[in-house]
Amino acid sequence: MNIQWSWIAENLDEIAAATLDHLWLTLIAVGVGFTLSLVLALAIYRWRRLYGPIAGVAGLLYTIPSLALFAILVPLTGLTVLTAEIGLVSYTLLILIRGVVSGLDGVPHDVVEAATGMGYTARGRLGRVDLPLAVPVMIAALRLATVTTIGLVMVTALIGEGGLGQLMLRGFNRSFPTMVYVGVVMSVVLAVALDLALVGLQRLLTPWARVRAA
C-alpha cells in the first residue's frame, strides 16, 4: 500500500473540508428522513391500515439503485445538493419508519394499561410513555440509517457532491491511491463517530435504563 504521507500533511484543509461536507450531507439526509419517518410512523400508529401503502412506497424507493435514482432526478433538479438529498432521504425512510413503528409496537401492554388507568389521554400517553420507551429501537434504526447514508453519500460524487466521495473520485481519476485511502479511512472514522454519538444520545434520553443497570 503506497501512501504519500507528505500529501496528507500538505492537504489537511482539503481533507477536513471534504469530511465536513460529507458530515453535513449525512446529517441533513438523516434529519429530514427521521422527521418524515416519525410523522408517517405516527400516522401508521393511529391508522394501522396505512402501514401497507406507506411501507410499500418506502420499500420501492429503497430498492431503486442509487445511480438509477440520481439519473431520474438530475433532469428534474439538476446537479445540485437537492438532488443528492432527495436520493439520500429516500433511502432512509424504510429503515426509519420500520424502526419507529417497531419501537411503538414494542411498548409493553401492561405499561400502556397502567398509563391509561392513571388518566393519560392517547396523546399524552404517546408523548410521556410510548415514545420515550420506544427510544432504544428508534435509535437502533437511526444508527443503521446513518451508517448506510454515509456510504451512499459517496455515490453522490457522481453528480458533483459527495464530500469524501469527491476525494476518492479524484484519486481514481488521477491514479493516486493516497486520496482513495484517505477517503475510505475518513468515512469509517465518520461512521464510528456518529454511531458512538447516537449511543450517547440514547443513554441521555433513557436515564431509567442506566438506573436499572446499576
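Asks: Can you break down the layout of surface pockets residue by residue, with the values?
Replies: What the largest pocket holds in volume is close to 220 Å³. Split by residue class, the lining of the largest pocket holds six nonpolar, no polar and four charged.

Asks: Break down the pattern of salt bridges for me, citing the residues and quoting the values.
Replies: For the structure on display, the rule yields four salt bridges. Where Arg125 meets Asp130, a salt bridge forms, and the shortest distance between an N and an O atom there is 3.3 Å.

Asks: Could you give an account of the packing of helix α3 (residues 51-63) against helix α5 (residues 81-105), naming the residues involved and the relevant values?
Replies: Remark: α3 packs on α5, axes separated minimally by 7 Å, with the N-to-C direction vectors making an angle of 145 degrees. The element α3 and its partner α5 pack so that their crossing is left-handed. Only Ser90, Tyr91, Leu93, Leu94, Ile95, Ile97, Arg98 and Val101 of α5 make contact with α3, whose side of the interface consists of Tyr51, Ile54, Ala55, Ala58, Gly59, Leu61 and Tyr62. Residues belonging to the contact of α3 with α5 are distributed by class as follows: twelve nonpolar, two polar and one charged.

Asks: An account of helix α9 (residues 177-205) is needed here, citing residue identities and associated values.
Replies: Residues three or four positions apart in an α-helix share a direction because the helix packs 3.6 residues into each turn. Under the 1.5 Å per step criterion, the end-to-end length of α9 is 42 Å for 29 residues, consistent within 8% with the ideal 42 Å. Check the buried side of α9 and you find it contacts α1 (5-10), α2 (12-46), α7 (122-155) and α8 (164-173).

Asks: Which residues make up a nonpolar patch on the surface, and what values do they have?
Replies: Together, Val184, Val188, Val192 and Leu196 give the surface a local cluster of nonpolar side chains, amounting to about 340 Å² of exposed area. Topologically, Val184 is positioned in helix α9. Take Val184: its relative accessible area is 37%, and that puts it in the partly exposed class.

Asks: Please give an account of the side chain of Thr206 that cites residues and values.
Replies: Looking at the secondary structure, you find Thr206 in the loop between α9 and α10 (207-213). Since its relative accessible area comes to 4%, Thr206 is described here as buried. In contact with Thr206, other than residues within four places in its own chain, are Pro132, Val135 and Pro136.

Asks: Please give an account of the environment of Ile8 that cites residues and values.
Replies: Along the chain, Ile8 turns up in helix α1. Judged by relative accessible area, which is 16%, Ile8 ranks as buried. Separated by 170 residues in sequence, Ile8 and Thr178 place their C-alpha atoms 8.0 Å apart. In contact with Ile8, other than residues within four places in its own chain, are Ile3, Ile15, Thr178 and Val182.

Asks: Tell me about the side chain of His22, and please be specific about residues and values.
Replies: Along the chain, His22 falls in helix α2. Ignoring any residue separated from it by four or fewer positions in sequence, one finds His22 in contact with Ile150, Val153, Met154, Gly162, Gly163, Leu164, Gly165 and Leu190.

Asks: Just give me the short version of the packing of α2 against α8, but keep the residues and values in it.
Replies: Direction vectors running N to C along α2 and α8 enclose 130 degrees, while the axes themselves pass 7 Å from each other. Classed by the angle they form, the pair α2 and α8 counts as oblique. In this structure, α2 uses Glu14, Ile15, Ala18, Thr19 and His22 to contact α8, whose residues at the interface are Leu164, Gly165, Leu167 and Arg170. In terms of residue class, the contact of α2 with α8 is built from four nonpolar, three polar and two charged.

Asks: Lay out unusual backbone geometry with the relevant residues and their values.
Replies: Not every positive phi belongs to a glycine, and Ser175 is a case in point at roughly 55 degrees. By the element assignment, Ser175 lies in the loop between α8 and α9.

Asks: Run through the environment of Gly127, naming residues and quoting values.
Replies: Mapped onto the fold, Gly127 is located in helix α7. On the basis of relative accessible area, Gly127 is assigned to the partly exposed category, the value being 46%.

Asks: Please set out the confidence of the model for the protein residue by residue, giving values where relevant.
Replies: Taken over all residues, the pLDDT of the protein has a mean of 90, while the share at 70 or more is 97%. Across the protein, element-level confidence peaks in α2 with a mean pLDDT of 95 and bottoms out in α10 with 65.

Asks: How would you explain the packing of aromatic side chains if you had to name every residue and give the values?
Replies: One pair of aromatic rings is described through two measures. These are the centre distance and the angle between the planes. Applying the stated criterion across every chain yields a total of two aromatic pairs. Consider the rings of Trp7 and Phe176, whose centres lie 5.6 Å apart with planes at 75 degrees: the pair is edge-to-face. Of this pair, Trp7 sits in helix α1 while Phe176 sits in the loop between α8 and α9, and the two are 169 residues apart along the sequence. With relative accessibility at 15%, the residue Phe176 sits in the buried group.

What counts and what doesn't
Along each chain, residues carry numbers from 1 onward, in the same order as the chain's sequence is written. Given that this is a predicted model, residues contribute local features only at a pLDDT of at least 70 and side-chain atom pairs are listed and counted only at 80 or more, while totals for whole chains, interfaces and linings are drawn from all residues. Neither water nor hydrogens contribute to the side-chain values; these are computed over all heavy atoms in the structure. In the cavity and pocket records, a cavity denotes points on a 1 Å grid over the protein atoms alone where a 1.4 Å probe fits but cannot get out, a pocket denotes an open set with protein on both sides within 12 Å along at least 5 of 7 lines, and lining residues are residues with an atom within 4 Å of a point. Grid points are joined across faces, edges and corners, and a volume is the space filled by probe spheres set on the points. Throughout this entry, Asp, Glu, Lys and Arg are counted as charged residues, while Ala, Val, Leu, Ile, Met, Phe, Trp, Tyr, Cys and Pro are counted as nonpolar. The remaining residues, Gly among them, count as polar. By definition here, a salt bridge exists when the distance from a side-chain nitrogen of Lys or Arg to a carboxyl oxygen of Asp or Glu is within 4 Å. Orientation is described by lines fitted to C-alpha atoms, with helices fitted over the stretch in contact, and by angles between N-to-C directions that extend from 0 to 180 degrees. Helix and strand labels come from DSSP, where a helix needs a run of H or I of at least four residues and a strand needs a run of E of at least two; each type is numbered from the N terminus. Take the far helix as your reference; a near helix turned counterclockwise from it by less than a right angle gives a left-handed crossing, and one turned clockwise gives a right-handed crossing. Contacts are assigned to residue pairs with any non-hydrogen atoms lying within 4.5 Å of each other. Residue count minus one, scaled by 1.5 Å, sets the expected span of a helix. Each patch groups residues whose relative accessible area exceeds 30% and which form no salt bridge, using 9 Å between like charges and 5 Å between nonpolar side chains of Val, Leu, Ile, Met, Phe, Trp and Tyr. Accessible surface area values rest on a Shrake-Rupley calculation with a 1.4 Å probe, where residue burial reflects the displayed protein chains alone. Relative accessible area decides the class of each residue, using a 1.4 Å probe on protein chains only: under 20% of the type maximum gives buried, over 50% gives exposed, and in between gives partly exposed. Note on terminology: angles under 35 degrees are roughly parallel, angles over 145 are roughly antiparallel, angles of 65 to 115 are roughly perpendicular, and the others are oblique. The predictor attaches a confidence to each residue, called pLDDT, with possible values from 0 through 100. Aromatic pairing here means that ring centres of Phe, Tyr or Trp (its six-membered ring) are within 6.5 Å. Orientation follows from the plane angle: under 30 degrees is stacked, over 60 is edge-to-face, and everything else is tilted.

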